[in-house]
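Structure at a glance
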Amino acid sequence: MTKSTASDIPLRAMVLAAGLGTRMRPLTDSTPKPLVSVDGKALIDHVLDRLAAAGVETAVVNVHYLADQIERHLAGRRTPKIVISDERGELLDTGGGVVKALPRLGSAPFFHLNSDTIWIDG
């Protein structure tokens, strides 16, 4: 097994944030799931902070349900740089969302995460 180097880490990521959050109702009746707070921080910020710490430079975030709230929330982020993939017109599900975002992701490998992913090292 070889040890990974900084040059092996993808510089881009796809963060899925377009879902309806139906399993988390009533929390998501007026708040999109990516903005639900866990330990004082929005779910999506847990993901984006970890990506930034890993060296990811750009995160493509797809939006659909209550998209304006997510865009407003992400507008203040500087790292990683946020690029919105707008799916307001039609919810594309996981595969369709990634396909739509591919031009923004480029041809190099990228991370692919749900906006509600929380992981702890160790």
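Here is a short report on the structure shown in this document. Bear in mind the structure is a predicted one, so any value in this text is a computation, not a measurement. (Residues numbered from 1 in each chain as written. Predicted model: local features only at pLDDT ≥ 70, side-chain atom pairs only at ≥ 80, totals over all residues. Heavy atoms only, no water.)

With that settled, the discussion passes to the layout of surface pockets. What the largest pocket holds in volume is close to 430 Å³. Every residue lining the largest pocket is counted, 20 residues in all, and those nearest its centre are Ala 18, Gly 19, Leu 20, Gly 21 and Lys 33. Split into classes, the residues belonging to the lining of the largest pocket amount to 8 nonpolar, 7 polar and 5 charged. (1 Å grid on protein atoms, 1.4 Å probe; cavity = no way out; pocket = protein on both sides within 12 Å on 5 of 7 lines; lining within 4 Å. Points joined across faces, edges and corners; volume = space filled by probe spheres on them. Nonpolar A, V, L, I, M, F, W, Y, C, P; charged D, E, K, R; others polar.)

Glancing now at the pattern of salt bridges. Tallied over the entire structure, the rule returns 8 salt bridges. One salt bridge connects Asp 45 with Arg 77, and the closest N-O pair in it is separated by 3.1 Å. Here the residue Asp 45 occupies a position in helix α1 (residues 43-54), and Arg 77 occupies one in the loop between α2 (67-74) and β5 (81-86), the gap between them amounting to 32 residues. We note that Asp 45, like Arg 77, is buried. A salt bridge links Asp 86 to Arg 88; the nearest nitrogen and oxygen atoms lie 2.4 Å apart. Residue classification places Arg 88 among the partly exposed residues on the basis of a relative accessible area of 31%. (Salt bridge = Lys/Arg side-chain N within 4 Å of Asp/Glu carboxyl O. Helix = DSSP H or I, 4+ residues; strand = E, 2+ residues; numbered from the N terminus. Buried < 20%, exposed > 50% of the residue type's maximum accessible area, 1.4 Å probe, protein only.)

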